Amino acid sequence: MGNEFEGLMFPVKATVTKGCGAGCRVSHEVGQVWYMRSTPPGICSFAFNAMFPAYWTLRFGGSDPTEENPDVMHVTCGQASCAAQFRVERISEVEAKELQAQANLITIESLEKSYPEGLSRRTV
């Protein structure tokens, strides 16, 4: 049995358009890109929470009437010490596959290097 929502869900990516403020513990840099199938590895949870409404809207074919391009939405991280900005957009299946291949190369070791304070290992 196939996915009953096939053809209704669209691939989405997010790109950093303005980097994080000095107080942010995850310094996302301009040009950083994520394929948004779920919570991407290495993304700040505050940034993802800010992007989620735009991601969900675009994923299911919606748009923001205030945006010029119906395939794009812009969001800002709400964390006071951050204020990073992101472009969230629908993309082609080809680009989605390329971004997924890049995401598959991310390891715990590579994530640890990008967090100076280290990753939380709390399990209980």
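Residues numbered from 1 in each chain as written. Predicted model: local features only at pLDDT ≥ 70, side-chain atom pairs only at ≥ 80, totals over all residues. Heavy atoms only, no water.

Undergrad: Explain the confidence of the model for the protein chain to me, and be specific about the residues and the numbers.
TA: Looking at the protein chain, pLDDT values average 82 and 83% of them are 70 or higher. No element of the protein chain has a lower mean pLDDT than helix α3 (residues 108-114), at 69, and none a higher one than strand β3 (residues 72-76), at 96. (pLDDT = per-residue confidence, 0-100. Helix = DSSP H or I, 4+ residues; strand = E, 2+ residues; numbered from the N terminus.)

Undergrad: Explain the nonpolar core residue by residue, including any values.
TA: Counting residues in each nonpolar core, the largest one holds 23 residues, and the members touching the most others are W34, M36, M51, F86 and V88. Taken together, the elements giving at least two residues each to this core come down to β1 (12-18), α1 (45-59), β3 and β4 (85-90). The element that contributes the greatest number of residues to this core is α1, accounting for 6 residues. Those residues in contact with M51 that lie beyond four places of it in its chain are A14, W34, M36, I43, V75, F86 and V88. (Core = buried A, V, L, I, M, F, W, Y, C linked by side-chain atoms within 4.5 Å. Buried < 20%, exposed > 50% of the residue type's maximum accessible area, 1.4 Å probe, protein only. Contact = heavy atoms within 4.5 Å.)

Undergrad: I'd like a rundown of the sheet that holds β3, residues and numbers included.
TA: What the 4 strands build is an open sheet, ordered β2-β1-β4-β3; its pairing is antiparallel. If you trace the sheet from one side to the other, it starts and ends with β2 (33-35) and β3, each paired once. Sheet twist, expressed as the average angle between the axes of neighbouring strands with direction ignored, equals 20°. For β1 and β4, the ladder comprises 6 bridges, and the chain directions are antiparallel. Within β4, the position partnered with K13 by the bridge is E89. Against the sheet, α1 contacts β1, β2, β3 and β4, and its axis sits at roughly 20° relative to β4. Running over the sheet, helix α2 (residues 93-103) touches β1 and β2 and is turned about 105° from β2. (Pairing = 2+ DSSP bridges. Axes fitted to C-alpha atoms, helices over the stretch in contact; angles between N-to-C directions.)

Undergrad: Help me get a handle on α1, residues and values and all.
TA: The largest bend in α1 comes to about 45°, at M51, with the proline P53 one to four residues further on. Looking at the buried side of α1, the elements it contacts are β1, β2, β3 and β4. Note on α1: the residue one or two positions beyond its end, G61, has a positive phi of about 90°. (Bend = angle between axes of the 7 residues up to and from the residue.)

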